[in-house]
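Each chain is listed here by its residues.
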Amino acid sequence: MALAPRAVLVHRRSEDDELLARHATRGQAEFYLRTRGRDLAELDDRHAAAREALRTAGAAVPTDWRRATVEREDLDRFLFEPDDVVVVVGQDGLVANAARYLSGQPVIGVDPHPGRNAGVLVRHLAEECRGLLAAVRAGRAALEHRTTVEARTDDGQRLLALNEVYVGHPGHQSARYRLEAPGAAPEHQSSSGVLVGTGTGATGWCRSLALERRSRLELPGVSDPGLVWFTREAWPSPSSGASCTQGLLAEGQDLRLRVETDGLVVFGDGMEHDRLGLVWGQEVTVATASARLALVVG
């Protein structure tokens, strides 16, 4: 007998939750904010809206489905199943956080704060979930397939990201490595890290780098299979260069870095706690991933 579909609701702690975890009591949290000219009521409203959106989305799951709930900080320990339908309730970034642990499962992004979030990835209201879940089950949901980026190390470690991967020092200090990019001579570099981003990431961190350096690169679109990469603050010296600091990677091309500093890391989409560690002499390869985010758009 086939198992019933499973809906996985993904959420994150609210600002209220984080303040209470830090200050232990509501009174202490209120005092902390009041002495800084802030009011806890503002956070209470957002907390209540997020909880109500999560409750409404959960109530929309058909009674004959299985269900699970996972908080953002536990994503790296949660086992997604191939036939899951993932409902993300939160900001756009939470979809990116969840996407790196998926392998093609449909994702419904729910915005608990319409007008506050950009709504690029969380496009739906909680009240729409019932119809969207039914559409997914019937195979008639409209999907937008977004490119993801993958980093692989020479000892078999793997990391996936929707926006971008960062390779560098965990404290964003100087990292030394040998960079090999398509169409360019290998170069020893010392920089504050390398970013490799998708079309989705090209609207965020990678875009800010492109604007800052007035780059003329044509950044990829959200469904384009190519990637864009930037070296951050490469330092020219007698032993390091700065002539190869940005470029595009077509599908099938990769960027290779051979580590020349112990203790470098690779992390994706800002989740620094879930990272790969790199040691001197190790090699990491970054390229378009085979998995794509299946975002439910209607």
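Residues numbered from 1 in each chain as written. Predicted model: local features only at pLDDT ≥ 70, side-chain atom pairs only at ≥ 80, totals over all residues. Heavy atoms only, no water.

A. Region of interest: the nonpolar core. Of all hydrophobic cores here, the largest spans 25 residues; its most connected members are V165, L179, V196, W229, L255, V266 and V284. Not counting the four nearest positions on each side in its chain, L255 is found in contact with L179, E180, A181, V194, V196, W229, L249, V284, T285 and V286. Within the second largest apolar cluster, 21 residues are counted, among which are A7, L54, L133 and V136. (Core = buried A, V, L, I, M, F, W, Y, C linked by side-chain atoms within 4.5 Å. Buried < 20%, exposed > 50% of the residue type's maximum accessible area, 1.4 Å probe, protein only. Contact = heavy atoms within 4.5 Å.)

B. Up close: the environment of T153. Looking at the secondary structure, you find T153 in strand 5 (residues 143-153). Between the alpha carbons of T153 and L9 there is a distance of 31 Å; along the sequence they are 144 residues apart. (Helix = DSSP H or I, 4+ residues; strand = E, 2+ residues; numbered from the N terminus.)

C. Helix 6 (residues 205-212), seen in detail. Considered for burial, the residues of helix 6 that qualify are C206, L209 and A210. Taken down its axis, helix 6 places every buried residue within 100 degrees of arc, on the same side. Set apart from the buried face of helix 6 by more than 90 degrees, the exposed residues are L211 and E212. Contacts from the buried residues of helix 6 go to strand 7 (164-168), strand 10 (194-197) and strand 11 (227-231). (Arc of directions from axis to C-beta.)

D. Highlighting the pattern of salt bridges. Here the structure, examined in full by the defined rule, presents 17 salt bridges. R6 is the salt-bridge partner of E81, the closest N and O atoms lying 3.8 Å from each other. Here E81 is found in the loop between strand 2 (66-71) and strand 3 (84-89), whereas its partner R6 is found in strand 1 (residues 6-11), with 75 residues between them in sequence. In this structure E81 comes out as partly exposed when scored by relative accessible area, which is 27%. Classification of R6 by relative accessible area gives buried; the value is 10%. (Salt bridge = Lys/Arg side-chain N within 4 Å of Asp/Glu carboxyl O.)

E. Seen up close, the sheet that holds strand 12 (residues 246-249). Reading across the sheet, the six strands line up as 12-11-10-7-14-15 and stay open at both edges, with antiparallel pairing between neighbours. Sheet topology places strand 12 and strand 15 (276-278) at the edges, where each strand pairs with a single neighbour. Averaged over all adjacent pairs, the angle separating strand axes in this sheet is 15 degrees, with direction ignored. With three bridges joining them, strand 14 (residues 264-268) and strand 15 adopt antiparallel strand pairing. Bridging across to strand 15, L264 finds its partner in L278. (Pairing = 2+ DSSP bridges. Axes fitted to C-alpha atoms, helices over the stretch in contact; angles between N-to-C directions.)

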